[in-house]
There are 2 protein chains.
Amino acid sequence: MVLKNFDVLIEKVKSFPEPKKVVVAAAGDAHTLEAIREAVDEGIVKPVLVGDKAKILEIAAGIGLAVEEDDIYDEPEAAAAAQRSVALIHEGRGDFIMKGKLETAQILKPVVNRETGLGTGRVMSHFVFDELPYYHKLLVTTDGGMMTYPTLEQKKDIIVNTVETLEALGYENPKVACVAAVEKVNPKMPETVEADALKQMNRNGEITGCIIEGPISLDIALSKEIADLKGYDSPVAGDADVILVPNIQVGNILGKSITVIARGNMAGFIVGAKVPIVLTSRGSSAKEKYLSLVLASAVTAGK
Amino acid sequence: MVLKNFDVLIEKVKSFPEPKKVVVAAAGDAHTLEAIREAVDEGIVKPVLVGDKAKILEIAAGIGLAVEEDDIYDEPEAAAAAQRSVALIHEGRGDFIMKGKLETAQILKPVVNRETGLGTGRVMSHFVFDELPYYHKLLVTTDGGMMTYPTLEQKKDIIVNTVETLEALGYENPKVACVAAVEKVNPKMPETVEADALKQMNRNGEITGCIIEGPISLDIALSKEIADLKGYDSPVAGDADVILVPNIQVGNILGKSITVIARGNMAGFIVGAKVPIVLTSRGSSAKEKYLSLVLASAVTAGK
């Protein structure tokens, strides 16, 4: 099973018997609550709102978001709201977290706490699904936002995070392309050496549940025609499900190229914690926020 | 003056009183000669062919490329053909070079020779013009193919090469965006430190003839709307002429995203030598080869 586009994912989530519960940390923010309202209206999520209760009620009334008072937790201070949000996940009151009006570092602090957090032992990474104008299925790009310059071991964690997330969505053996500027291992380009090492870890059973190829250039990963022209033979060529980038600089350019140059749609969240953590920013479109809630709901259901 | 699209550039080149002379190194290659024939048919170039004369004549006859025998230099061996091509430029027999059937390293060896080559004292870099689906003008991306991990001084050279090339096309004070994953200088991200250093070199007069901004993210460089949303105020925001990438990994992903994901058109060549050097590969489309000849002709005329 692979997801062809976001519509398939939306239909899947709408078919669930009941909406997933999203815990919004520092929810007193109009932009965030508007995204929540859209997903609530479609029956996709049920909100649990943590933050300045008076402000939340005021914004909710203004935008027509119906929310039960029992589902609002009054924590006006951002750090306390983050802490309480994590606690609510432990208490089984929510299925995943969405960041409201607080800094990314503030929401992540209680998440990564070794004793009371939501860690899995692996690094956390940013999982993004992209809907491209000329590709036959959704494409995962990772990690363009969380790990800046991951080591080989951290890249392994990122792949495991990604594969686990895709399995929760119903994928089997997704195809992972470890991209680099060239297809040959070149000691002067560490990105190619690590891409090859990840491929070997897959061959020797150290990373399972996926097919890893690398080093492989982006055009070969996405186009069978170009792969044939360049004589690159691999099941991943032209059919990649996942693009693993070597660092945040490459990941950021890829993400921005997709959204600004190709005008593709995207949805994303942090994976590698016990539950998904949706981080959207001021720069995120309303559509991206909505799709990210859909994606987190779908993944939560599959776990 | 800025170039809105490739059609404007093609019209400009067609208006020249006579075609530019392209010296093709190791010209005994059907793909290369087909690209040449298209440009010859449109009156854009006049070919000077260096390589296996018998083979060149055979291919030329087969594809209907008219070429005077005086303009064919019999050098069947690739390295000798490259050497002779450079010599022909020195003798004033050609305006620029195109790579035929030989390795990039083979054509560059006589070009970079300190005594008999075509060096300018600066590093050479790959200049690519991209025609994007949703941008208001052609965009230069550099360097995604030549310098792998340029130092700060080499990045300066790349900017100077690029600005000189744009000046030859009629640009004044092009806007250069030194892109990075974030907009704030962060000592843990050397890409941001060097982007800021390049901006300072521009402010203090060390790099002239352009407006440099950085660190700046790709979305801000290309979208005024996103720049406004993120509060980034700069004449370069939303109006960049040039994207300077920090290294080949970022440049390669950007180039492949543009061609494969966004299906933009591109044309490119090596700059920083006394004449442009067109390097196309098997993976290059016929359109890319043609546009690269157009671009090299236009730049040559402006020098």
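Use the structure listed above.
Residues numbered from 1 in each chain as written. Chains lettered and ligands numbered in written order. Predicted model: local features only at pLDDT ≥ 70, side-chain atom pairs only at ≥ 80, totals over all residues. Heavy atoms only, no water.

This next bit is on the relation of the copies chain B and chain A. Its rotation angle being 180 degrees, the transformation that places chain B on chain A also includes 0.0 Å of axial translation and leaves an RMSD of 0.0 Å. Such a combination of turn and shift is consistent with a two-fold rotation axis. The overlap is high: 100% of the interface residues of chain B also sit at the interface in chain A, so the same surface is used on both sides. (Least-squares fit on C-alpha atoms with pLDDT ≥ 70 in both. Contact = heavy atoms within 4.5 Å.)

The next point concerns the interface of chain B and chain A. Each side of the interface is counted separately: chain B has 34 residues, and chain A has 34 residues. In this assembly, chain B packs against chain A so that about 3200 Å² is buried in total across both faces, 70% of it on carbon and sulfur atoms. Per-residue buried area on chain B facing chain A is highest for Gln249, Ile253 and Ile261 of chain B; these three make up 21% of the total on that side. Between Lys256 of chain A and Asp219 of chain B there is a salt bridge, and its shortest N-O distance comes to 3.4 Å. Joining chain B to chain A, the criterion identifies ten residue pairs in polar contact (both at pLDDT 80 or more). At the level of elements, helix 7 (190-203), helix 8 (218-222), helix 9 (224-229) and helix 10 (248-261) of chain B are the ones that each hand at least two residues to the side of chain B that touches chain A. A per-element tally of the side of chain B that touches chain A places helix 10 of chain B first, with eleven residues. Here the side of chain B that touches chain A is composed, by residue class, of 21 nonpolar, six polar and seven charged. (Buried area = accessible area lost by both parts, 1.4 Å probe. Salt bridge = Lys/Arg side-chain N within 4 Å of Asp/Glu carboxyl O. Polar contact = N/O pair within 3.5 Å; in protein donor to acceptor, adjacent residues only side chain to side chain. Helix = DSSP H or I, 4+ residues; strand = E, 2+ residues; numbered from the N terminus. Nonpolar A, V, L, I, M, F, W, Y, C, P; charged D, E, K, R; others polar.)

Attention now goes to the packing of aromatic side chains. The final tally for this structure, using the stated rule, is six aromatic pairs over all chains. Ring centres 6.5 Å apart and planes at 90 degrees place the aromatic pair Phe6 of chain B and Phe129 of chain B in the edge-to-face group. Of this pair, Phe6 of chain B sits in helix 1 (residues 6-14) while Phe129 of chain B sits in strand 5 (residues 125-131), placing them 123 residues apart in sequence. Its relative accessible area of 3% is what places Phe6 of chain B among the buried residues. Centre to centre, the rings of Phe127 of chain B and Phe129 of chain B are 5.3 Å apart; their planes meet at 85 degrees, and the pair counts as edge-to-face. Here Phe127 of chain B falls in the buried class, since its relative accessible area comes to 0%. The exposure class assigned to Phe129 of chain B is buried, which follows from its relative accessible area of 0%. An aromatic cluster is present here, built from Phe6, Phe127, Phe129 and Phe269 of chain A joined pairwise through their rings. Directly above the aromatic system of Tyr134 of chain B lies the positively charged group of Arg263 of chain A, at a separation of 4.0 Å from the ring centroid. Directly above the ring of Phe16 of chain B sits Lys20 of chain B, whose terminal nitrogen or CZ lies 5.9 Å from the centroid. (Phe/Tyr/Trp six-rings, centres within 6.5 Å; stacked < 30°, edge-to-face > 60°. Buried < 20%, exposed > 50% of the residue type's maximum accessible area, 1.4 Å probe, protein only. Lys NZ or Arg CZ within 6 Å of the ring centre and 35° of its normal.)

Turning next to the side chain of Thr192 of chain B. All names here are of chain B. In this fold, Thr192 is placed in helix 7. Among the residues examined, Thr192 registers a relative accessible area of 0% and is labelled buried. In terms of polar contacts, Thr192 uses its side chain to reach the backbone amide nitrogen of Asn186, at 2.9 Å. Dropping the residues within four chain positions of it, Thr192 is found in contact with Ala180, Val182, Lys184, Val185, Asn186 and Pro215.

Another point: the pattern of salt bridges. Taken as a whole and judged by the stated rule, the model has 32 salt bridges over all chains. Glu75 of chain B is paired through a salt bridge with Arg84 of chain B; the nearest N and O atoms lie 3.4 Å apart. For Glu75 of chain B, a relative accessible area of 18% puts it in the buried group. A relative accessible area of 31% places Arg84 of chain B in the partly exposed class. Taken together, the shared-partner salt bridges connect Lys46, Glu68, Asp71 and Arg93 of chain A into one network.

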